[in-house]
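# Secondary and tertiary structure notes
Next come the chains, spelled out residue by residue.
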Amino acid sequence: MKKMMLTLALMGMATAQTAQAQTTVDFWHSFGDAKRTGWIQARADEFNKANPGVKVVPTYKGSYNDSLQATILAARQGKPPALVQIFEVGSQLALDSGVFQPVSSVKTVDFSDYIKPVINYYTIGGKVNSLPFNSSSPVLYYNKDLMKKAGLDPKKPPTTFGGMLDACKKIEAAKLGVTCFGMSLNGWFIEQWMAQQGAPLLNNDNGRKARATAINLDSKAAKNIFTFFKTLQDNKYYTYTGKLEDWDGSDAIFNNQKVVFHITSTADIGNNGEAAKKAGFQMGIGALPIVSGTKRNGVVIGGASVWIPKGIPKPQAEGALDFALYMTNTKNMADWHKLTGYYPVRQSSIDLLRKQGWFTQTPLQLVAFNQLTQTVPSPATAGGLNGAAIQTRKIIEEGVQKVLSGQSVDAALKEAKTRADAALAEYNANFK
């Protein structure tokens, strides 16, 4: 009996030692839906099984902004997670918080397989600060059936603002009882159209050469975009829900066949495609229309990446990076893309998808990939770094909204620039 008790005690000690030796990697993310949360949990389970010394624990922490703020607070209390998902425009805020370390400093990693326009966004001051995870850009969605009814060729969707306005004129003349164009009123799209014109949104090379101190809303590029919205509104070619950043509401307008054309993220190709089938119409995908007479420069990556806080034990940081690399490996990113529509972030994943015949089965996705891979690297397409980005994005949206309500383009731009520059100055005052 004593021998048995001693054996059990020794087994208990061994179990306790194993538990102590195990490194826990808390991963905070912002995906609350079952599909994407389930995928992350499944990858964590696989990783944990293959790496018994590490236990990855994924947790949904609310919106991107909620998750970022929670991480900064936890880090200042000395209890940060080991890995956190942060949206792309939160990058400057994450850097300025001082609570994160570049992933490239945790250990040596070859980042050459990550798609250039994607990894470029998160490379700041020569350091890869975070690892790309869910990446997207906007594309044009269109209702092929309604295009045909209006006498338009569904094989030739508009590729420019002028082309869109010409198509809208024909749709209006066809009296189909629908509006030509609808999209969510979102600053992300304005940022894309600035980049497509090769124009940085912010001064100092989009905040990459030095901290941004002014927003370029007094530029010809910005005026081109705001004028497009004014022309749409004046001719009653545009509709939206009336709310800012109403992604779901704008998708619903398109999926209910209330508009012919719609712009939203590549990440919605799967969901909108399914909705179109249920509604009984054929959906097409085209490249993001650009300002007429300008050269196509490419898109700024959207979505999010994963960051590692500093001040955590080295085994924890390495475990976090190992899991992030596993989650974004060739096969997993190809599967992630198939499930969600997000870009797979790795060139080898695109090669794998081609080999599997994925683009033959789903040619709509190829448009999005070509748009991304043909992006010309520059400060404009690298994306703006701005610690007040959440504020300035909303200010831009409100500026467009004022144009839609009848304010002149010049007045709306002037007011938006004044407000955005003030937000930048207020934020930058913290770093003097």
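Relevant structure appears above.
Residues numbered from 1 in each chain as written. Predicted model: local features only at pLDDT ≥ 70, side-chain atom pairs only at ≥ 80, totals over all residues. Heavy atoms only, no water.

## Observations regarding the overall build of the protein chain
On a plain count of helices and strands, the protein chain comes out with 20 helices and 13 strands. Taking 2.2 N^0.38 as the reference for a compact globule, 432 residues should give roughly 22 Å; the C-alpha atoms of the protein chain span a radius of gyration of 24 Å, in line with that estimate. Principal axes of the C-alpha set define a box for the protein chain whose edges measure 95 × 55 × 35 Å. Looking at the protein chain as a whole, 54% of its 432 residues qualify as buried. Nonlocal contacts in the protein chain, meaning residues at least 24 apart in sequence, comprise 77% of its contacts between residues at least 6 apart. (Helix = DSSP H or I, 4+ residues; strand = E, 2+ residues; numbered from the N terminus. Rg over C-alpha atoms; globule rule 2.2 N^0.38 Å. Buried < 20%, exposed > 50% of the residue type's maximum accessible area, 1.4 Å probe, protein only. Contact = heavy atoms within 4.5 Å.)

## Quick look at the nonpolar core
Membership of the largest hydrophobic core comes to 79 residues, with the highest contact counts inside it found for Phe133 and Ile308. Ranked by residues supplied to this core, first place goes to helix α13 (residues 314-327) with 7 residues. If near-sequence neighbours (up to four positions away) are discounted, Ile308 is found in contact with Ala82, Leu83, Phe100, Gln101, Val103, Val106, Ala317, Ala320 and Leu321. Membership of the second largest hydrophobic core comes to 53 residues, among which are Met164, Ala212, Phe226 and Leu413. (Core = buried A, V, L, I, M, F, W, Y, C linked by side-chain atoms within 4.5 Å.)

## Description of helix α8 (residues 187-196)
Judged by how many residues are buried, α8 sits mostly within the fold: 10 of 10 residues are covered. All buried positions along α8 are accounted for by Gly187, Trp188, Phe189, Ile190, Glu191, Gln192, Trp193, Met194, Ala195 and Gln196. Where α8 begins, the capping side chain belongs to Asn186, and its oxygen is found 2.9 Å from the backbone nitrogen of Trp188. Backbone geometry just downstream of α8 places Gly198 in the positive-phi region, at approximately 75 degrees. (Polar contact = N/O pair within 3.5 Å; in protein donor to acceptor, adjacent residues only side chain to side chain.)

## Comments concerning the side chain of Arg393
Along the chain, Arg393 turns up in helix α19 (residues 389-404). Given a relative accessible area of 11%, Arg393 falls into the buried group. In contact with Arg393, other than residues within four places in its own chain, are Glu88, Val89, Asn186, Gly187, Trp188, Glu191 and Glu245.

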